[in-house]
Each structure stands twice: as C-alpha cells, then as structure tokens.
Amino acid sequence: MMPVRQTLSKPDIQLSYLEWNQGQEPLLVLHGLGDHAVVWSSLGDYLAADYHIVAPDMRGHGQSSKPERDYSFESAIADLEALMDHLGWTSAHIVSHSWTGKLAAIWARQNPKRLRSIILVDPIFIWKMPSLFRVTFPMLYRFLPFLKSMGPFASYEEAEQQAQQLKQYQGWSSLQQQVFQAGIEQKLDGSWGSKFTIAARNGIFEAVMQVPGFTIPLDTPAIFIQPEQGLNRQDWQIKPYKTYLKNLRICQVPGNHWPFLTQPEAFNQTVAAFLAEHR
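Read on for an overview of the structure. (Residues numbered from 1 in each chain as written. Predicted model: local features only at pLDDT ≥ 70, side-chain atom pairs only at ≥ 80, totals over all residues. Heavy atoms only, no water.)

### So, the sheet that holds strand β1 (residues 4-9)
Our working rule: Pairing between strands is defined by DSSP: at least two bridges between them are needed. Helix numbers and strand numbers start at the N terminus; a helix is a DSSP run of H or I with at least 4 residues, a strand a run of E with at least 2. Lines are fitted to the C-alpha atoms to define the axes, a helix being fitted only along its stretch in contact, and any angle between axes, read from their N-to-C directions, falls within 0 to 180 degrees. Should any heavy atoms of two residues lie within 4.5 Å, those residues are counted as being in contact.
Pairing in this open sheet of eight strands is mixed, and the strands run β1-β2-β4-β3-β5-β6-β9-β10 from one edge to the other. The open sheet has two edge strands with one neighbour each: β1 and β10 (248-256). Ignoring which end each strand starts from, the neighbouring axes of this sheet average 25 degrees apart. Pairing of strand β3 (residues 25-30) with strand β5 (residues 92-97) involves four bridges; the strand directions are parallel. The residue bridging Leu 27 from the neighbouring strand is His 93, located in β5. Running over the sheet, helix α2 (residues 73-87) touches β1, β2 (14-21), β3, β4 (51-56) and β5 and is turned about 50 degrees from β2. Across the sheet, helix α10 (residues 264-277) lies against β3, β4, β5, β6 (115-121), β9 (222-229) and β10, angled at about 155 degrees from β6, the strand it touches most.

Here it is in structure tokens:
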C-alpha cells in the first residue's frame, strides 16, 4: 500500500505528512535532523497492515512550512499534538530518530498519556549542553557529514554525487535514491540544495543545547535501537537512558545511524517485534 501525502493547516504553519491508513493501532514516526517523512517508507509499508501510520515532515523540513524562527521543542510538540488531535488519536506509539529522540523524551515527561511506547533510534543530544559549548557549536556543522547534503550545488548531478558519499546512502538502493530525491529541490537562483533550511538547522541546535532531555524517571515502555555503526557505542552514552527510562530494552541492529535506510529488513523486524508486545 502506498502512503498518501496529506497536509494539516495550523494557524502558524502547514504540516505535511505521509499516511498509511490501513491498520488501526496509531503509530507516529519522527525523522531526524535534515531528513523528512520519506525515510520511513520501508517501515511504513512493512507495518501498514496492522498500524495506522503517520510520518510528518517536521517544521523546517521536507514539504512542511519553514518559518524563520520558532524551532523550540514546545512548538514541535504542539505540531505533533495538533496532528494527533486532527487524526482523532488520544495516544500513539512513537518512533523517533536522532534529534527527535530527545523530543520524545521531553514529550513523555510533559504529557505521558500521549505516548503508548517510545522507540528510540540511535538518539543524540540527550543532555543539556554547557553554555561554553555554544560558542563552538557552529563548528560542529562541519563535522556532521550529513549536513553536507544541504548544498548549495551547481547541478542536480553534483548533489547526487555528494549524497552517494554519505553514510545514510551507503548502498544507494532504490529506497535511498527515493529519499534523496524527495529531500532536494532547485532554488530560485538555479542551484540545488536541501529542502531543510539553515534557519531550521540553527533553531533546532539552539533548542537542543538549552533543554535537557531527561529530568525525571519515566515509565513509558521504551526500546533503544542501537545500530552497530551508530553514534551510541559507549556505555556512558546509554547510561542516561538506563537511568531515567524505567521500562527500557536495548536492542542491537546492523547498519549505521540510519538503519532504516541501510539495513531496513532487520530494522523493520525489530520495531515490529517490540510493537507487537505493546499493542
């Protein structure tokens, strides 16, 4: 079953999302920094028979609105709650990748009734960052290779060539090509670049630095999906999740930070098995 592209009009922004509306159980899938809803195509197709799946383009990403400011966690959570209200969902299972893993932790703390379970896919930035770090943080942009795909590029071919060097596109499968094509656009000056904006990148990093992910213990059933070549390979990185998530399982999968793109079969099976226990 192919997902349908839908739009929710909020007073402040338009939220674009993909919907697999075949199954009953509500499942909200949240992409990471610089990505968009199409990254969940394989998982959505795999689970569509049993779940009602919605994958939004987070504000500043994909086909959703790209305001110049307001990339706080509060705004992102408000977008998601408005989307759930629009769908008639009081609660849902949440899949969250990378930066949205921190969002899911904050959301579970603020409004635990909304989250039936949390699937954390190689989450990052769970701590509040020291203020000293803020000065050097822009330098990190150079060391986060996936941000190189933002552009600008002189041609589509140049953008595609760069993408093929990146970890999320290792293997350059038809799924990965589809994800790349859905995330890029030609700009007014004729160059090519990501639909993800600099304002969104800077605003999200600002929020990530200022707000801690965990402050209190959480009872929400959770799984930490740890890819073999992911970003969380050390015990100290996983310790805060073990400390604060009282109902946590850790599960290793093959692949890198984007296991749903590089090793989708194993990833999909891991998610399906966890969800089946919490339906």
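Back to the write-up after that little detour.
### Structural notes on the packing of aromatic side chains
Heads up, the condition is: Pairing of aromatic side chains here covers Phe, Tyr and the six-membered ring of Trp, requires ring centres within 6.5 Å, and sorts the geometry by plane angle: under 30 degrees stacked, over 60 edge-to-face, intermediate tilted. When accessible area is computed with a 1.4 Å probe and restricted to protein chains, residues below 20% of their type maximum are described as buried, those above 50% as exposed, and intermediate ones as partly exposed.
A complete count under the given rule lists twelve aromatic pairs for this structure. Taking the centre distance of 4.5 Å and the plane angle of 40 degrees together, the rings of Trp 40 and Phe 260 count as tilted. A residue pair is termed long-range when its members are at least 10 positions apart, and Trp 40 in the loop between β3 and α1 (41-47) and Phe 260 in helix α9 (residues 259-262) qualify at 220 residues. For Trp 40, a relative accessible area of 0% puts it in the buried group. Judged by relative accessible area, which is 2%, Phe 260 ranks as buried. For the pair Phe 224 and Tyr 241, a centre-to-centre distance of 4.9 Å together with 75 degrees between the ring planes defines the contact as edge-to-face.

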